[in-house]
Amino acid sequence: MSQLSSGICRRLNEAPQEEIDQLASGHTVQLLSIKRVAPTTSSTTTTDRFRIIISDGVHFVQAMLATQLNDLVINGDINKNTVVVIDKLACNFVQDKRLIIILDLHVVSRDEEKIGAPTAPPPTQDAPAPAVVEAAPSSVTPLATSSSTGQSKQVQPQSRTGPSGRGGRSVYPIEGLSPYQNNWTIKARVTQKSDIRTWSNQRGEGKLFNVTLMDESGEIRATGFNAVVDELYEKFEEGKVYYISKARVNLAKKKFSNLQNDYELSLEKNTEVEECLETTSVPMMKYNFVELASLEKLERDNTCDVIGVVKEVGPLGEITSKATNRTIPKRDLTIVDMSQYSVRLTLWGKQAEQFTADDLPVVAFKGVKVGDFGGRTLSMVSSSIMSISPDIEEAHLLRGWYDGIGTEKNFQSHTSGSSGASFGGFNRSEMRHLSDVKESQLGIESISYPACPTQGCNKKVVDLGSGWRCEKCDKTFERPEYRYIMSMAVADWSGQAWLQGFNEAGLAVFGKTADEVHEIKERNEAEYNALLAQASGVTFNFSCRAKQDTYNDQTRVRYGISRITSLDYREEAKHLVDLLKSPWAK
C-alpha cells in the first residue's frame, strides 16, 4: 500500500497566499475522483476541463487539473484511486476562495484501494469544507512538523523579485487567470508579436497590436490599443520573458484568436511590463503537431500545428480584399512530412514577401487554419506562428528522414478527387439520417439569452454554478432574466427576407416574456414547439433598418426590427378604401 503525505491537504486548505509556493511540489496523494467540468454558457473553447479530489489519507480537497494534463485522463493513465506525486501546483485566490491547480504530476500506483478515511478539512474563512467522503484503512507518512501537536512548520514566504527590485508577489499561472482577480502577476514568454494595425470607421480611428504569451500552464492573448501601443509595443520582443501585471482579464473574442483559453488580456495605461532574465522555467514553444495525412479528419476553419519540409516555394502574388479594397501579398508553399503527404500552405503580408527557402528548410507552424478548397489546404492567420529550422526533436527527426530517404518518396496530396473512406473531405462515419438531424435539432439556435437583471444593463451573464455573474456590473445574481434575440423569416407578395429582432419583437410575436418561453422549453419541449408553430403565419407591421457589413470578405445587408406592431384591421381597411379613391385606382 502506498504511503501518502499526511497533512498536505489541510495545509493547502489553510496556508496563506504567500506560503503556497513552499507547498508547490513533492506531495504523494490519492485521486478520489476525476470529473469533467461542464462548460459554462459563455464558454467558447472546446478544451475539456477536469475537477479532481485529492486525498492525503486524512483530509481531502478539490483541485483543477491543468489542461496540458488532460491526456492523462483521456488515455486512462490516471483514474479513481490512482496514487500520484504532485510535481507542481499553483493556488489562486478568487472571491475569498482558493482554487488549486495541478500543473504537473507523475503516477506512483494505479491499482490501489481507497486509502484512509479522509474527511474535509476544518472550514476556514477562505475555503468552505467540501462534503465528507467515507473511506477505508490507510498507511500514511506524516509531513515534518514543528511539534508533537501536529501543527505545520511555519515557512517564511519566498519573494519573487523582478528586474526592478519588485518582490513579494506570487507569480500566477496563465491557466489560473480569471476576471475575478485584481492583484496578480504572470511570468510569460512572448511567442508571437503582431504588427501595429490601424482602423478607421464611423466611430473614429485608432491602432492596436497583440502578443501571445505562454508559460508552462498555457497561453493567453494580450491586446493594446491607441496610447498603450505607443507605451508598450517596443517593450515586447518575441522570445523574451516578462513579468506582466495590472492588465484587465476579459472573456476571449474567439473571432480574433484561436488560442485554447476562455480569457484574454487587455493591456492598459497602468499595465506593468518588466523583462525577466531568469527564463529557464518558461518553455520556448509548445506544439501539438498533426501529421499532414491526418488533416482530412479536421473540419474546415479548425486550427492546428504542423511541421514539414518546404518542398516548393511559389511565386509572390497578391489578392485584393473585398472589405478594404487593398492588395495583400501572398505566397503558397508546399510542405511534406513523414506521413508521405503534401499540402499547400499560404503565407500573407510581410511573411509572404520576406520568405526565402533555397535550402528546403524544416518549418514548424503553430495555429494555422484548415481550409477545404480542392481538398485540404492550410493558411497562416494573424495569430499563427512560423518557426524556420526550430531546435526541437521533431524537426531533427524530420530533417534526417528527408535527407536520408524522403527525397526519393512520392507524396500524396489531399484533393477533392482522392480515393478512400473520406472522399476528399466527406466523412462517411459522420453520416446521419435526416430524422436524426431533426431530432437532434442541429443548427437550431436559441431565441433568448440569459441577461443581467439590472435595469438598463441587459448584458449576457455567465453561469458560475453557484450564481450568474455580470461582467459589466461586477455582480452575481441567483438567476438571470432571459431576453429575446431572434431571427425570423418574413414575406410579402414580392419576396422573403430575414429580420433580426430583440426583446420587444419577441414579446410581440409570442405574447410572453422570454423567461416564460424559456421555462416552457425546459419543462415541455412539445409545448415549446407548438408555441413556435403558433407564432408562424401571423401578420405584423414592421419598421426596419438596413445595415451593410462585411464578414470573411463577403458583403451583405442585414435588416433589424426597429418596431413591430399587430395589425389594426380598421386602419388597414381605411387605408385600402383611401387607396381605391386615389388617382392610382383610376
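Residues numbered from 1 in each chain as written. Predicted model: local features only at pLDDT ≥ 70, side-chain atom pairs only at ≥ 80, totals over all residues. Heavy atoms only, no water.

Peer 1: For the overall build of the chain, give the residues involved together with the corresponding values.
Peer 2: Scanning the chain from N- to C-terminus turns up ten helices and 33 strands. Here the chain holds 586 residues, and 40% of them are scored as buried. Partitioning the contacts of the chain with sequence separation of at least 6, the portion at a separation of at least 24 is 61%. Accessible area for the chain stands at about 33600 Å²; split by element, carbon and sulfur atoms hold 48% of it. (Helix = DSSP H or I, 4+ residues; strand = E, 2+ residues; numbered from the N terminus. Buried < 20%, exposed > 50% of the residue type's maximum accessible area, 1.4 Å probe, protein only. Contact = heavy atoms within 4.5 Å. Areas by Shrake-Rupley, 256 points an atom, 1.4 Å probe, with all protein chains shown as cover.)

Peer 1: Give a description of the environment of Y402 that names residues and reports values.
Peer 2: Position of Y402 relative to the elements: it lies in helix α5 (residues 393–404). Taking the relative accessible area as the measure of exposure, Y402 reaches 5% and is therefore buried. For the pair Y402 and V362, spaced 40 residues apart in the sequence, the C-alpha separation amounts to 9.6 Å. Residues in contact with Y402, not counting those within four places in the same chain, are V309, K311, V336, L360, T407 and F411.

Peer 1: Go over helix α7 (residues 503–510), please, and point to the residues and values.
Peer 2: All buried positions along α7 are accounted for by N503, A505, G506, V509 and F510. Around the axis of α7, the buried residues are gathered within 160° of arc, so they sit on the same side. The first or second residue beyond α7 is G511, which carries a positive phi of 70°. (Arc of directions from axis to C-beta.)

Peer 1: Provide a residue-level description of the pairing of strand β15 (residues 263–267), including the pertinent values.
Peer 2: Burial within β15 is extensive, with five of its five residues counted as buried. The two faces of β15 match: Y263, L265 and L267 on one face and E264 and S266 on the other face are all buried. Sheet analysis places strand β14 (residues 248–251) next to β15, joined by four bridges and oriented antiparallel. Along β15, the bridge assignment pairs V249 with L265. (Pairing = 2+ DSSP bridges.)

Peer 1: Give me the environment of L32: which residues, what numbers.
Peer 2: Positionally, L32 belongs in strand β2 (residues 27–36). Separated by 23 residues in sequence, L32 and S55 place their C-alpha atoms 6.7 Å apart. Setting aside residues up to four positions removed in sequence, L32 forms contacts with I53, S55, F60, K80, N81, K114 and P118.

Peer 1: Give me the pattern of salt bridges: which residues, what numbers.
Peer 2: Tallied over the entire structure, the rule returns 24 salt bridges. Among the ionic pairs, D301 bridges to K369, the shortest N-O distance being 3.6 Å. Of this pair, D301 sits in the loop between β16 (272–276) and β17 (303–313) while K369 sits in strand β21 (residues 362–371), and the two are 68 residues apart along the sequence. Here D403 makes a salt bridge to R399, at a shortest N to O gap of 3.1 Å. Pair noted here: D403 and R399 are both in helix α5, with a separation of four residues, about one helical turn. Owing to a relative accessible area of 24%, R399 belongs among the partly exposed residues under this scheme. Linked by salt bridges that have partners in common, R300, D301, K369 and D372 make up one network. (Salt bridge = Lys/Arg side-chain N within 4 Å of Asp/Glu carboxyl O.)

Peer 1: Could you give me a rundown of the packing of aromatic side chains, with the residues and numbers involved?
Peer 2: Scanning the model with the defined rule gives eight aromatic pairs in all. Between the aromatic rings of F236 and Y242, the centroid separation amounts to 5.5 Å while the plane-to-plane angle is 70°, which identifies the pairing as edge-to-face. A single burial state applies to F236 and to Y242, both of which are buried. Taking 5.7 Å as the distance between ring centres and 15° as the angle between the ring planes, the aromatic pair formed by Y484 and F510 counts as stacked. Placement of the pair is Y484 in strand β29 (residues 481–484) and F510 in helix α7, with a sequence separation of 26 residues. Taken individually, Y484 and F510 each receive the classification buried, so the pair is uniform in this respect. An aromatic cluster is present here, built from F209, Y233, F236 and Y242 joined pairwise through their rings. Its end group placed over the ring of Y233, K193 keeps NZ or CZ at 3.9 Å from the ring centre. (Phe/Tyr/Trp six-rings, centres within 6.5 Å; stacked < 30°, edge-to-face > 60°. Lys NZ or Arg CZ within 6 Å of the ring centre and 35° of its normal.)

Peer 1: Describe helix α9 (residues 525–535), naming the residues involved and giving the relevant values.
Peer 2: Every buried residue belonging to α9 is among Y528, L531 and A535, and all of these are buried. Down the axis of α9, the buried side of the element spans an arc of 55°, and every buried residue falls inside it. Turned more than 90 degrees away from the buried face of α9, the exposed residues are A526, A533 and Q534. The N-cap of α9, judged by a side-chain oxygen 3.0 Å from the amide nitrogen of A526 a few residues on, is N524. (Polar contact = N/O pair within 3.5 Å; in protein donor to acceptor, adjacent residues only side chain to side chain.)

Peer 1: Go over the side chain of R221 with me, naming the residues and quoting the values.
Peer 2: Residue position: R221 is located in strand β12 (residues 218–225). One buried charged residue, R221, remains without a salt bridge, the closest side chain of opposite sign being E264 at 4.8 Å. What R221 contacts, discounting residues up to four positions off in sequence, is R197, N210, V211, F256, S257, L259, E264, L265 and S383. (Lys, Arg positive; Asp, Glu negative; His and termini not counted.)

Peer 1: I'd like to hear about the pairing of strand β19 (residues 327–336), residue by residue, with values.
Peer 2: As defined by bridge partners, β17 adjoins β19 across four bridges and the pair is classed as antiparallel. Along β19, the bridge assignment pairs V313 with L333. Note: strand β18 (residues 317–320) against β19, four bridges, orientation antiparallel. Along β19, the bridge assignment pairs I319 with I328. Relative to strand β20 (residues 341–348), β19 runs antiparallel, the two sharing seven bridges. Paired with D332 across the strands is T346, a residue of β20.

Peer 1: How would you explain the state of the cysteines if you had to name every residue and give the values?
Peer 2: Disulfides are covalent bonds that link the sulfur atoms of two cysteine residues. For the structure on display, the rule yields zero disulfides. Unpaired in terms of disulfides, C452 finds its nearest cysteine sulfur in C470, a separation of 3.8 Å. (Disulfide = S-S within 2.5 Å.)

Peer 1: Describe the sheet that holds strand β27 (residues 468–470), and please don't skip the residues or the numbers.
Peer 2: Across the sheet, three strands lie side by side as β26-β27-β28; this open sheet has antiparallel pairing. Each end of this open sheet is capped by a strand with a single partner; those strands are β26 (462–463) and β28 (475–477). Two strands pair when backbone bridges link them, and β27 and β28 are joined in this way by three bridges, in the antiparallel orientation. What sits directly across from W468, in β28, is F477.

Peer 1: Can you break down the confidence of the model for the chain residue by residue, with the values?
Peer 2: Per-chain confidence: the chain averages 80 in pLDDT, with 83% of residues scoring 70 or above. Here strand β7 (residues 140–142) stands out as the element of the chain with the lowest mean pLDDT, 41, in contrast to β29, whose mean of 93 is the highest. A low-confidence stretch, residues 126–168 stays under pLDDT 50, and its non-local contacts, those more than four residues away or across chains, total 98 contacts. Under a pLDDT of 50 for its full length, residues 417–425 has, in the predicted model, 14 contacts with residues more than four places off or in other chains. (pLDDT = per-residue confidence, 0-100.)

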